[in-house]
Amino acid sequence: MAQKEVSHKKAAVLGLQHLLAMYSGAVAVPLLIGTALKFNSEQMTYLVSIDIFMCGLATMIQLFRNKYFGIGLPVVLGCAIQAVAPLEMIGQKFSINTMYGAIIVAGIFVFLVAGWFSKIKKLFPPIVTGTLITVIGLTLIPVAVQNMGGGSAQAKDFGDAKNLIAAFLTILIIVAIEIWTKGFLRSISVLIGLIAGTVIAGFMGLVSLKPVTQASWFHLPQLFYFGVPEFEWSSCLTMIIIALVSMVESTGVFFAIGDLLHKNITEDDLKRGYRAEGLAQVFGGLFNTFPYTTFSQNVGLLQLSGIKTKRPIYWAAGLLMAMGLLPKIGALVTIIPDSVLGGAMLVMFTMIAVQGIRMLTKVDFENNRNILVVAISIGLGLGVTVYPQIFQDLPQTIQLFLGNGIVVASICATLLNLIFNGRSGAK
(Lines give C-alpha, C1' and ligand atoms only; values in the text may rest on other atoms or scores of the structure.)
Protein backbone atom coordinates (compact mmCIF):
# COMPACT_ATOMS: atom_id res chain seq x y z
CA MET A 1 0.00 0.00 0.00
CA ALA A 2 1.38 3.42 -0.98
CA GLN A 3 2.32 5.67 1.91
CA LYS A 4 0.33 8.87 2.42
CA GLU A 5 2.23 11.92 1.13
CA VAL A 6 3.39 14.48 3.72
CA SER A 7 2.74 18.22 3.34
CA HIS A 8 5.42 20.42 1.80
CA LYS A 9 6.04 22.11 5.17
CA LYS A 10 6.75 18.77 6.85
CA ALA A 11 8.63 17.51 3.80
CA ALA A 12 10.97 20.52 3.96
CA VAL A 13 11.86 19.73 7.58
CA LEU A 14 12.35 16.04 6.75
CA GLY A 15 14.46 17.07 3.76
CA LEU A 16 16.67 19.16 6.04
CA GLN A 17 17.10 16.10 8.25
CA HIS A 18 18.25 14.03 5.24
CA LEU A 19 20.62 16.84 4.23
CA LEU A 20 22.24 16.94 7.67
CA ALA A 21 22.58 13.16 7.69
CA MET A 22 24.66 13.12 4.51
CA TYR A 23 26.37 16.52 4.67
CA SER A 24 29.57 15.54 6.48
CA GLY A 25 30.14 12.63 4.10
CA ALA A 26 29.50 14.88 1.11
CA VAL A 27 31.95 17.63 2.10
CA ALA A 28 34.64 15.19 3.28
CA VAL A 29 35.65 14.35 -0.31
CA PRO A 30 36.33 17.92 -1.56
CA LEU A 31 38.09 18.78 1.71
CA LEU A 32 40.39 15.74 1.51
CA ILE A 33 41.20 16.12 -2.19
CA GLY A 34 41.56 19.91 -2.08
CA THR A 35 43.96 19.64 0.86
CA ALA A 36 46.02 16.90 -0.83
CA LEU A 37 46.32 18.92 -4.06
CA LYS A 38 47.12 22.14 -2.13
CA PHE A 39 44.17 24.20 -3.35
CA ASN A 40 44.06 27.82 -2.17
CA SER A 41 41.11 29.13 -0.12
CA GLU A 42 39.26 30.47 -3.20
CA GLN A 43 39.57 27.13 -5.01
CA MET A 44 38.53 25.26 -1.87
CA THR A 45 35.45 27.45 -1.44
CA TYR A 46 34.39 26.70 -5.02
CA LEU A 47 35.10 22.99 -4.61
CA VAL A 48 33.06 22.54 -1.42
CA SER A 49 30.06 24.70 -2.28
CA ILE A 50 29.66 23.59 -5.89
CA ASP A 51 30.12 20.00 -4.76
CA ILE A 52 27.11 20.51 -2.47
CA PHE A 53 25.15 22.00 -5.40
CA MET A 54 26.06 18.96 -7.54
CA CYS A 55 24.95 16.56 -4.77
CA GLY A 56 21.51 18.18 -5.06
CA LEU A 57 21.52 18.03 -8.86
CA ALA A 58 22.67 14.38 -8.85
CA THR A 59 19.88 13.52 -6.38
CA MET A 60 17.31 15.25 -8.65
CA ILE A 61 18.55 13.23 -11.65
CA GLN A 62 18.06 10.00 -9.68
CA LEU A 63 14.64 11.00 -8.29
CA PHE A 64 13.22 12.09 -11.67
CA ARG A 65 12.30 8.71 -13.15
CA ASN A 66 11.84 8.75 -16.93
CA LYS A 67 12.26 6.47 -19.94
CA TYR A 68 16.07 6.60 -19.88
CA PHE A 69 17.33 7.23 -16.34
CA GLY A 70 16.32 7.76 -12.70
CA ILE A 71 15.37 4.93 -10.33
CA GLY A 72 12.64 7.07 -8.74
CA LEU A 73 13.31 5.84 -5.18
CA PRO A 74 13.82 8.13 -2.13
CA VAL A 75 17.61 8.12 -2.38
CA VAL A 76 20.23 10.84 -1.79
CA LEU A 77 23.44 11.06 -3.83
CA GLY A 78 26.78 12.30 -2.55
CA CYS A 79 30.51 12.04 -3.31
CA ALA A 80 31.96 8.55 -3.53
CA ILE A 81 34.43 8.39 -0.61
CA GLN A 82 36.26 5.46 -2.27
CA ALA A 83 37.30 7.86 -5.05
CA VAL A 84 39.45 10.02 -2.74
CA ALA A 85 42.75 8.09 -2.84
CA PRO A 86 42.68 7.40 -6.63
CA LEU A 87 41.77 11.03 -7.45
CA GLU A 88 44.56 12.33 -5.20
CA MET A 89 46.97 9.95 -6.94
CA ILE A 90 45.87 11.06 -10.45
CA GLY A 91 45.93 14.76 -9.50
CA GLN A 92 49.45 14.50 -8.05
CA LYS A 93 50.92 12.23 -10.74
CA PHE A 94 49.34 13.94 -13.76
CA SER A 95 47.16 17.05 -13.29
CA ILE A 96 43.81 18.29 -11.96
CA ASN A 97 42.49 18.32 -15.53
CA THR A 98 43.49 14.65 -16.01
CA MET A 99 41.55 13.89 -12.84
CA TYR A 100 38.39 15.47 -14.27
CA GLY A 101 38.87 13.81 -17.66
CA ALA A 102 38.97 10.41 -15.92
CA ILE A 103 35.77 11.22 -13.99
CA ILE A 104 33.94 12.09 -17.25
CA VAL A 105 35.11 8.89 -19.01
CA ALA A 106 34.05 6.75 -16.01
CA GLY A 107 30.61 8.42 -16.00
CA ILE A 108 30.12 7.67 -19.70
CA PHE A 109 31.24 4.07 -19.05
CA VAL A 110 28.65 3.65 -16.26
CA PHE A 111 25.88 5.01 -18.49
CA LEU A 112 26.81 2.65 -21.35
CA VAL A 113 27.16 -0.57 -19.28
CA ALA A 114 24.09 0.08 -17.08
CA GLY A 115 21.87 -2.34 -19.05
CA TRP A 116 24.42 -5.16 -18.88
CA PHE A 117 25.27 -4.54 -15.21
CA SER A 118 21.58 -4.56 -14.22
CA LYS A 119 21.45 -8.29 -15.03
CA ILE A 120 23.32 -8.99 -11.78
CA LYS A 121 19.89 -8.82 -10.07
CA LYS A 122 19.68 -12.59 -10.56
CA LEU A 123 22.71 -12.95 -8.32
CA PHE A 124 21.09 -11.07 -5.39
CA PRO A 125 18.62 -13.33 -3.52
CA PRO A 126 17.81 -12.46 0.15
CA ILE A 127 20.88 -14.27 1.50
CA VAL A 128 23.15 -11.98 -0.56
CA THR A 129 21.21 -8.71 -0.17
CA GLY A 130 20.69 -9.29 3.56
CA THR A 131 24.40 -9.96 4.05
CA LEU A 132 25.40 -6.94 1.95
CA ILE A 133 23.06 -4.53 3.77
CA THR A 134 24.22 -5.86 7.16
CA VAL A 135 27.84 -5.24 6.16
CA ILE A 136 27.01 -1.73 4.83
CA GLY A 137 25.59 -0.83 8.26
CA LEU A 138 28.37 -2.48 10.27
CA THR A 139 31.18 -0.93 8.20
CA LEU A 140 29.69 2.55 8.72
CA ILE A 141 29.55 2.19 12.54
CA PRO A 142 33.32 2.83 13.08
CA VAL A 143 32.91 6.11 11.15
CA ALA A 144 30.15 7.12 13.58
CA VAL A 145 32.21 6.16 16.64
CA GLN A 146 35.25 8.05 15.32
CA ASN A 147 33.08 11.15 14.92
CA MET A 148 31.71 10.67 18.44
CA GLY A 149 35.29 10.92 19.72
CA GLY A 150 35.84 14.21 17.90
CA GLY A 151 36.49 13.29 14.26
CA SER A 152 40.16 12.34 14.07
CA ALA A 153 41.56 9.47 16.13
CA GLN A 154 45.00 11.11 15.87
CA ALA A 155 43.84 14.40 17.43
CA LYS A 156 44.99 15.19 20.98
CA ASP A 157 41.42 15.79 22.16
CA PHE A 158 40.05 12.56 20.65
CA GLY A 159 37.73 10.97 23.22
CA ASP A 160 37.69 14.17 25.28
CA ALA A 161 34.90 14.25 27.90
CA LYS A 162 33.18 17.18 26.12
CA ASN A 163 33.00 15.23 22.85
CA LEU A 164 31.65 12.12 24.57
CA ILE A 165 29.04 14.09 26.54
CA ALA A 166 27.83 15.85 23.36
CA ALA A 167 27.69 12.54 21.44
CA PHE A 168 25.84 10.55 24.10
CA LEU A 169 23.40 13.37 24.88
CA THR A 170 22.57 13.53 21.16
CA ILE A 171 21.84 9.77 21.20
CA LEU A 172 19.74 10.12 24.37
CA ILE A 173 17.70 12.98 22.86
CA ILE A 174 16.98 10.93 19.70
CA VAL A 175 16.00 7.87 21.78
CA ALA A 176 13.80 9.99 24.10
CA ILE A 177 11.94 11.49 21.13
CA GLU A 178 11.44 8.01 19.65
CA ILE A 179 10.01 6.74 22.96
CA TRP A 180 7.90 9.68 24.20
CA THR A 181 6.62 11.35 21.05
CA LYS A 182 4.69 10.21 18.01
CA GLY A 183 3.76 11.33 14.51
CA PHE A 184 5.79 14.09 12.86
CA LEU A 185 7.96 14.86 15.91
CA ARG A 186 9.14 11.27 16.01
CA SER A 187 9.90 11.33 12.26
CA ILE A 188 12.34 14.25 12.78
CA SER A 189 14.03 12.80 15.89
CA VAL A 190 17.48 12.91 14.26
CA LEU A 191 17.08 16.56 13.23
CA ILE A 192 15.98 17.54 16.75
CA GLY A 193 18.88 15.54 18.17
CA LEU A 194 21.37 17.31 15.90
CA ILE A 195 20.04 20.80 16.70
CA ALA A 196 19.76 20.17 20.47
CA GLY A 197 23.16 18.46 20.50
CA THR A 198 24.73 21.45 18.72
CA VAL A 199 23.21 23.89 21.22
CA ILE A 200 24.54 21.81 24.13
CA ALA A 201 27.94 21.54 22.42
CA GLY A 202 27.89 25.34 21.95
CA PHE A 203 27.66 25.85 25.72
CA MET A 204 30.69 23.57 26.07
CA GLY A 205 32.71 25.66 23.60
CA LEU A 206 32.64 23.09 20.77
CA VAL A 207 30.89 25.31 18.19
CA SER A 208 32.59 28.01 16.08
CA LEU A 209 30.75 30.47 13.81
CA LYS A 210 33.97 31.36 11.94
CA PRO A 211 33.05 29.30 8.80
CA VAL A 212 29.84 31.33 8.42
CA THR A 213 31.51 34.74 8.72
CA GLN A 214 34.25 33.76 6.25
CA ALA A 215 31.97 32.32 3.56
CA SER A 216 30.84 34.39 0.55
CA TRP A 217 27.18 35.17 -0.15
CA PHE A 218 26.68 33.85 -3.69
CA HIS A 219 28.38 32.13 -6.62
CA LEU A 220 27.50 29.93 -9.62
CA PRO A 221 28.87 26.63 -10.97
CA GLN A 222 31.39 27.18 -13.78
CA LEU A 223 32.04 24.79 -16.64
CA PHE A 224 35.71 23.67 -16.60
CA TYR A 225 36.53 25.88 -13.59
CA PHE A 226 40.06 24.41 -13.32
CA GLY A 227 40.56 24.10 -17.09
CA VAL A 228 39.65 21.80 -20.01
CA PRO A 229 39.68 18.07 -19.08
CA GLU A 230 42.61 15.94 -20.24
CA PHE A 231 42.40 12.22 -20.91
CA GLU A 232 45.01 9.63 -19.91
CA TRP A 233 44.24 5.91 -20.27
CA SER A 234 45.49 4.56 -16.90
CA SER A 235 43.68 7.35 -15.01
CA CYS A 236 40.46 6.63 -16.91
CA LEU A 237 40.79 2.89 -16.20
CA THR A 238 41.36 3.59 -12.50
CA MET A 239 38.19 5.68 -12.25
CA ILE A 240 36.20 3.07 -14.21
CA ILE A 241 37.19 0.51 -11.55
CA ILE A 242 36.11 2.92 -8.80
CA ALA A 243 32.81 3.44 -10.67
CA LEU A 244 32.23 -0.34 -10.70
CA VAL A 245 32.87 -0.45 -6.94
CA SER A 246 30.29 2.34 -6.48
CA MET A 247 27.77 0.46 -8.65
CA VAL A 248 28.07 -2.61 -6.42
CA GLU A 249 27.53 -0.45 -3.32
CA SER A 250 24.57 1.33 -4.93
CA THR A 251 23.01 -2.03 -5.79
CA GLY A 252 22.95 -2.88 -2.09
CA VAL A 253 21.34 0.47 -1.26
CA PHE A 254 18.70 0.06 -4.01
CA PHE A 255 17.75 -3.38 -2.65
CA ALA A 256 17.73 -2.04 0.93
CA ILE A 257 15.28 0.73 0.02
CA GLY A 258 13.24 -1.68 -2.10
CA ASP A 259 12.91 -3.90 0.99
CA LEU A 260 11.85 -0.90 3.12
CA LEU A 261 9.20 0.10 0.57
CA HIS A 262 8.12 -3.51 -0.04
CA LYS A 263 8.94 -2.92 -3.71
CA ASN A 264 10.52 -5.44 -6.05
CA ILE A 265 13.60 -3.85 -7.66
CA THR A 266 13.66 -4.93 -11.32
CA GLU A 267 16.49 -5.01 -13.85
CA ASP A 268 14.91 -1.95 -15.46
CA ASP A 269 15.00 -0.10 -12.11
CA LEU A 270 18.68 -0.92 -11.67
CA LYS A 271 19.50 0.15 -15.23
CA ARG A 272 17.86 3.56 -14.77
CA GLY A 273 19.55 3.96 -11.38
CA TYR A 274 23.02 3.21 -12.78
CA ARG A 275 22.44 5.54 -15.74
CA ALA A 276 21.47 8.38 -13.39
CA GLU A 277 24.71 7.86 -11.46
CA GLY A 278 26.66 7.84 -14.72
CA LEU A 279 25.06 11.15 -15.77
CA ALA A 280 25.76 12.66 -12.34
CA GLN A 281 29.40 11.60 -12.66
CA VAL A 282 29.71 13.24 -16.10
CA PHE A 283 28.29 16.50 -14.68
CA GLY A 284 30.77 16.21 -11.80
CA GLY A 285 33.63 16.08 -14.30
CA LEU A 286 32.30 18.93 -16.43
CA PHE A 287 31.81 21.28 -13.47
CA ASN A 288 35.03 20.12 -11.80
CA THR A 289 33.60 18.41 -8.74
CA PHE A 290 33.50 14.61 -8.17
CA PRO A 291 31.89 11.24 -8.90
CA TYR A 292 28.48 10.84 -7.25
CA THR A 293 26.94 7.69 -5.85
CA THR A 294 23.84 6.70 -3.88
CA PHE A 295 24.47 7.27 -0.17
CA SER A 296 23.81 4.44 2.26
CA GLN A 297 23.71 6.87 5.22
CA ASN A 298 20.15 7.92 4.46
CA VAL A 299 18.66 4.41 4.40
CA GLY A 300 18.68 4.22 8.20
CA LEU A 301 16.97 7.61 8.36
CA LEU A 302 14.14 6.40 6.10
CA GLN A 303 13.53 3.53 8.50
CA LEU A 304 13.85 5.67 11.62
CA SER A 305 11.56 8.47 10.41
CA GLY A 306 8.99 6.09 8.94
CA ILE A 307 8.49 8.57 6.04
CA LYS A 308 9.48 6.79 2.84
CA THR A 309 8.06 9.01 0.09
CA LYS A 310 10.13 11.05 -2.38
CA ARG A 311 8.84 14.53 -1.48
CA PRO A 312 11.27 15.06 1.46
CA ILE A 313 14.16 13.96 -0.79
CA TYR A 314 13.13 16.50 -3.44
CA TRP A 315 13.33 19.11 -0.68
CA ALA A 316 16.73 17.80 0.41
CA ALA A 317 17.98 18.05 -3.19
CA GLY A 318 16.59 21.60 -3.57
CA LEU A 319 18.14 22.70 -0.27
CA LEU A 320 21.50 21.21 -1.28
CA MET A 321 21.43 23.15 -4.56
CA ALA A 322 20.47 26.37 -2.77
CA MET A 323 23.24 25.90 -0.20
CA GLY A 324 25.74 25.32 -3.00
CA LEU A 325 24.81 28.67 -4.54
CA LEU A 326 24.74 30.45 -1.16
CA PRO A 327 27.99 29.44 0.60
CA LYS A 328 27.20 31.45 3.76
CA ILE A 329 24.05 29.41 4.34
CA GLY A 330 25.87 26.21 3.43
CA ALA A 331 28.53 27.02 6.02
CA LEU A 332 25.86 27.01 8.77
CA VAL A 333 25.73 23.22 8.55
CA THR A 334 29.48 22.95 9.10
CA ILE A 335 29.18 24.34 12.65
CA ILE A 336 27.63 21.05 13.87
CA PRO A 337 30.44 19.39 15.87
CA ASP A 338 31.73 15.99 14.74
CA SER A 339 30.79 14.46 18.10
CA VAL A 340 27.13 15.48 17.69
CA LEU A 341 27.06 14.14 14.11
CA GLY A 342 28.66 10.93 15.34
CA GLY A 343 25.92 10.36 17.90
CA ALA A 344 23.21 10.72 15.25
CA MET A 345 25.18 8.58 12.79
CA LEU A 346 25.46 5.73 15.31
CA VAL A 347 21.67 5.52 15.55
CA MET A 348 21.18 5.63 11.76
CA PHE A 349 23.97 3.24 10.78
CA THR A 350 22.95 0.58 13.30
CA MET A 351 19.44 0.79 11.86
CA ILE A 352 20.87 -0.18 8.46
CA ALA A 353 22.65 -3.18 9.99
CA VAL A 354 19.47 -4.28 11.77
CA GLN A 355 17.52 -3.98 8.50
CA GLY A 356 20.03 -6.36 6.89
CA ILE A 357 19.66 -8.79 9.80
CA ARG A 358 15.88 -8.61 9.39
CA MET A 359 16.25 -9.52 5.70
CA LEU A 360 18.38 -12.51 6.70
CA THR A 361 15.50 -13.87 8.79
CA LYS A 362 13.98 -14.97 5.44
CA VAL A 363 16.93 -17.32 4.94
CA ASP A 364 16.84 -20.99 6.04
CA PHE A 365 19.62 -21.22 8.62
CA GLU A 366 18.85 -24.87 9.29
CA ASN A 367 20.96 -25.32 6.15
CA ASN A 368 24.58 -25.13 7.31
CA ARG A 369 25.70 -23.89 3.87
CA ASN A 370 23.67 -20.72 4.29
CA ILE A 371 25.33 -20.09 7.66
CA LEU A 372 28.73 -20.39 5.94
CA VAL A 373 27.74 -17.94 3.16
CA VAL A 374 26.69 -15.26 5.65
CA ALA A 375 29.43 -15.88 8.23
CA ILE A 376 32.38 -15.85 5.82
CA SER A 377 31.03 -12.87 3.85
CA ILE A 378 30.44 -10.72 6.93
CA GLY A 379 33.77 -11.80 8.43
CA LEU A 380 35.76 -10.88 5.33
CA GLY A 381 33.80 -7.66 4.74
CA LEU A 382 34.41 -6.37 8.26
CA GLY A 383 37.99 -7.65 8.34
CA VAL A 384 38.93 -5.80 5.15
CA THR A 385 37.24 -2.63 6.44
CA VAL A 386 39.42 -2.67 9.57
CA TYR A 387 42.63 -3.75 7.80
CA PRO A 388 42.46 -2.80 4.08
CA GLN A 389 46.29 -2.91 4.01
CA ILE A 390 46.10 -6.72 4.09
CA PHE A 391 46.16 -6.50 0.26
CA GLN A 392 48.98 -3.94 0.05
CA ASP A 393 51.32 -6.33 -1.83
CA LEU A 394 48.77 -6.87 -4.62
CA PRO A 395 48.63 -4.63 -7.75
CA GLN A 396 47.05 -1.20 -7.18
CA THR A 397 44.10 -2.01 -9.47
CA ILE A 398 43.18 -5.09 -7.41
CA GLN A 399 43.62 -3.14 -4.18
CA LEU A 400 40.99 -0.64 -5.35
CA PHE A 401 38.47 -3.48 -5.40
CA LEU A 402 39.56 -5.56 -2.43
CA GLY A 403 40.22 -2.60 -0.12
CA ASN A 404 36.46 -1.98 0.12
CA GLY A 405 34.76 -4.23 2.70
CA ILE A 406 31.31 -3.80 1.15
CA VAL A 407 32.57 -4.94 -2.25
CA VAL A 408 34.47 -7.88 -0.72
CA ALA A 409 31.35 -8.98 1.19
CA SER A 410 29.23 -8.61 -1.97
CA ILE A 411 31.61 -10.66 -4.14
CA CYS A 412 32.08 -13.29 -1.43
CA ALA A 413 28.34 -13.70 -0.69
CA THR A 414 27.49 -13.86 -4.41
CA LEU A 415 30.15 -16.46 -5.25
CA LEU A 416 29.54 -18.65 -2.17
CA ASN A 417 25.79 -18.58 -2.77
CA LEU A 418 26.30 -19.62 -6.42
CA ILE A 419 28.60 -22.47 -5.32
CA PHE A 420 26.28 -23.73 -2.56
CA ASN A 421 22.81 -22.86 -3.85
CA GLY A 422 23.13 -22.14 -7.58
CA ARG A 423 21.26 -19.30 -9.29
CA SER A 424 18.02 -20.12 -7.50
CA GLY A 425 19.39 -18.61 -4.28
CA ALA A 426 19.02 -19.77 -0.70
CA LYS A 427 15.78 -21.27 0.45
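Residues numbered from 1 in each chain as written. Predicted model: local features only at pLDDT ≥ 70, side-chain atom pairs only at ≥ 80, totals over all residues. Heavy atoms only, no water.

Caption draft 1: Structural context of the overall build of the protein chain. Regarding its fold elements, the protein chain presents 18 helices and two strands. The C-alpha radius of gyration computed for the protein chain amounts to 21 Å, which stays within 12% of the reference 22 Å derived for 427 residues, consistent with globular compactness. With respect to the three principal axes, the spread of C-alpha positions in the protein chain is 60 × 55 × 45 Å. Within the protein chain, the proportion of its 427 residues that are buried is 56%. (Helix = DSSP H or I, 4+ residues; strand = E, 2+ residues; numbered from the N terminus. Rg over C-alpha atoms; globule rule 2.2 N^0.38 Å. Buried < 20%, exposed > 50% of the residue type's maximum accessible area, 1.4 Å probe, protein only.)

Caption draft 2: The packing of aromatic side chains, seen in detail. Taken as a whole and judged by the stated rule, the model has eight aromatic pairs. Pairing Phe 254 with Tyr 274 gives two aromatic rings, centres 6.2 Å apart and planes at 45°, and the pair type is tilted. Taken together, the residues span a long stretch of sequence, with Phe 254 in helix 10 (residues 233-260) and Tyr 274 in helix 11 (residues 267-286) at a distance of 20 residues. Like Phe 254, the residue Tyr 274 is buried in the burial classification. Through successive ring pairs, a cluster of aromatic residues spans Tyr 46, Tyr 100, Tyr 225 and Phe 226. Directly above the aromatic system of Phe 111 lies the positively charged group of Arg 275, at a separation of 5.4 Å from the ring centroid. (Phe/Tyr/Trp six-rings, centres within 6.5 Å; stacked < 30°, edge-to-face > 60°. Lys NZ or Arg CZ within 6 Å of the ring centre and 35° of its normal.)

Caption draft 3: Representation of helix 15 (residues 338-360). Its 23 residues give helix 15 an end-to-end C-alpha distance of 32 Å, which sits within 8% of 33 Å, the value for a rise of 1.5 Å per residue. Approximately 25° is the largest bend angle found in helix 15, and it occurs at Met 345. (Expected span 1.5 Å × (residues − 1). Bend = angle between axes of the 7 residues up to and from the residue.)

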